[in-house]
Amino acid sequence: SSSSADLNIDSNCKEVVFAGLYWSAMYPTASSTNSNCFNCGPSARNDWNEVRLKIPGRTTYETITADKSNPREVIFKGNNSNNFNNSVYVCFKDVTDLIKPLKNAVNGTYTVGNVRATTGIRQGGSAGGWTLVVIYEAPDKPSKFISVFDGARMTNVDAGPDRLLQVDIPIKGFKTLPAPFNVYAKIGVAALDGDLSRKGDALAFRQGPYSATATNYT
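For clarity, every value in this text was computed on a predicted model and none was experimentally measured.

*Asks:* Can you walk me through the packing of aromatic side chains in this structure?
*Replies:* What describes a pair of aromatic rings is the distance from one ring centre to the other and the angle between the planes of the rings. Per the counting criterion, the structure on display carries two aromatic pairs. Both rings, one in Y22 and one in F92, keep their centres 4.8 Å apart while their planes meet at 45°; by these two values the pair is tilted. With Y22 in strand β2 (residues 15-26) and F92 in strand β7 (residues 88-94), the pair connects residues that are 70 residues apart, well separated along the chain. The burial state of Y22 is the same as that of F92; both residues are buried. Between W48 and Y89, the ring centres sit 5.5 Å apart and the planes meet at 40°, which makes this aromatic pair tilted. Of this pair, W48 sits in the loop between β3 (31-34) and β4 (50-54) while Y89 sits in strand β7; the two residues are 41 residues apart in sequence, bridging distant segments of the chain. Each member of the pair W48 and Y89 is classed as buried. Sitting over the ring of W48, K77 keeps its end group 5.2 Å from the ring centre.

Written out as structure tokens, the structure reads:
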């Protein structure tokens, strides 16, 4: 599995201070031809924690490996029991030292290859993907507090077109301006799986202040 994405930071004077590569997939088996089984088929390869990354201006790929013994780098690894969510893995690698020397050449096309995911037909389907998070400093841009939170929450989002499934993901430790200043925030999240053809298969954030009894999402 291989795909590319373009990064275009709107500043001519910037310096990367953090770059983190995340990749994830459903990978209980290498392949499957059984639509009535979650985890049927030949065994998965053991290198699911390794991908190949090509950065702008390079013609060769770098091997990126998440340390299986480091919980910060292997954020989640299912036990491959007969359950849809238990087939997922989520990996992370700090690639700041690789991307920081690019300076203004950081803009361009990034390609990640060899993301291990089950191919063929499988009950519930399969998915795989990657995200590159880049934090930069630029003197011509407003200052911001930026926090990156690593974690994984596995849940079945197939709630149907007329129901909204609530999933609470608590976060703490981020900085805001002191009271009485207003806080304006933007939140990004990486989500695995999602079918355009299925009604209700989507992700949204809760609006307004948090309430333990609130269930509406927009």
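And the narrative resumes.
*Asks:* Help me understand the sheet that holds strand β8 (residues 108-113) in this model?
*Replies:* Sheet strands pair via backbone hydrogen bonds, and the direction of the pair is either parallel or antiparallel. Strand order in this open sheet of four strands is β1-β8-β4-β5, and the pairing throughout is antiparallel. Both outer strands of the open sheet, β1 (2-7) and β5 (62-65), are each paired with one neighbouring strand and no more. Within this sheet the neighbouring strands show an average axis-to-axis angle of 25°, counted without direction. The pairing of β4 with β5 spans four bridges and is antiparallel.

*Asks:* How do you make sense of the environment of L177 when you look at a structure like this?
*Replies:* Structurally, L177 can be placed in the segment after β10 (128-137). Separated by 32 residues in the primary sequence, L177 and F145 have C-alpha atoms spaced 8.9 Å apart. Excluding anything up to four places from it in sequence, L177 contacts F145, N182 and V183.

*Asks:* Would you take a moment to explain the sheet that holds β7 for this structure?
*Replies:* An order of β6-β7-β2-β10 is seen for the four strands of this open sheet, with the pairing classed as antiparallel. With partners counted over all chains shown, the strands left at the sheet margins are β6 (74-77) and β10, one partner each. Sheet twist, expressed as the mean angle between neighbouring strand axes with direction ignored, is 10°. Inspection of the sheet shows β2 paired to β7 by seven bridges, in the antiparallel sense. Pairing of A25 across the sheet is with Y89, part of β7.

*Asks:* Can you walk me through the pattern of salt bridges in this structure?
*Replies:* Between side chains of opposite charge, a pair can form as their charged atoms come close. Counting across every chain of the model gives six salt bridges. D10 is the partner of K141 in a salt bridge, and the nearest nitrogen-oxygen pair spans 3.7 Å. A residue pair is termed long-range when its members are at least 10 positions apart, and K141 in the segment after β10 and D10 in the loop between β1 and β2 qualify at 131 residues. When the shortest N-O distance is used, the salt bridge between E73 and K93 registers 3.2 Å. On the criterion of sequence distance, the pair formed by E73 in the loop between β5 and β6 and K93 in strand β7 is long-range, its members being 20 residues apart.

*Asks:* Just to check I follow, could you spell out the state of the cysteines for this structure?
*Replies:* Simply put, the disulfide is a covalent bond whose two ends are the sulfur atoms of two cysteines. If you walk through the whole model with that rule in mind, you get one disulfide. The disulfide partner of C37 is C40, and the gap between their sulfur atoms is 1.9 Å. Across the S-S bond of C37 and C40 the torsion is about 80°, and the bridge reads as right-handed.

*Asks:* Would you mind showing me how to read the environment of F76 here?
*Replies:* Along the polypeptide, F76 turns up in strand β6. For the pair formed by F76 and V88, sequence separation is twelve residues and the distance between their alpha carbons is 7.5 Å.

*Asks:* Just to check I follow, could you spell out the environment of P56 for this structure?
*Replies:* Within the secondary structure layout, P56 lies in the loop between β4 and β5. Separated by 43 residues in sequence, P56 and I99 have C-alpha atoms that sit 9.2 Å apart.

*Asks:* Looking at this structure, how should I read a nonpolar patch on the surface?
*Replies:* On the surface, F145, L177, F181 and V183 cluster together to form a nonpolar patch covering roughly 430 Å² of accessible area. Looking at L177, the relative accessible area reads 46%, which means it is partly exposed.

The rules behind each value
- Residues numbered from 1 in each chain as written.
- Predicted model: local features only at pLDDT ≥ 70, side-chain atom pairs only at ≥ 80, totals over all residues.
- Heavy atoms only, no water.
- Phe/Tyr/Trp six-rings, centres within 6.5 Å; stacked < 30°, edge-to-face > 60°.
- Helix = DSSP H or I, 4+ residues; strand = E, 2+ residues; numbered from the N terminus.
- Buried < 20%, exposed > 50% of the residue type's maximum accessible area, 1.4 Å probe, protein only.
- Lys NZ or Arg CZ within 6 Å of the ring centre and 35° of its normal.
- Pairing = 2+ DSSP bridges.
- Axes fitted to C-alpha atoms, helices over the stretch in contact; angles between N-to-C directions.
- Contact = heavy atoms within 4.5 Å.
- Salt bridge = Lys/Arg side-chain N within 4 Å of Asp/Glu carboxyl O.
- Disulfide = S-S within 2.5 Å.
- Patch = residues over 30% accessible without salt bridge, like charges linked within 9 Å, V, L, I, M, F, W, Y side chains within 5 Å.
- Areas by Shrake-Rupley, 256 points an atom, 1.4 Å probe, with all protein chains shown as cover.

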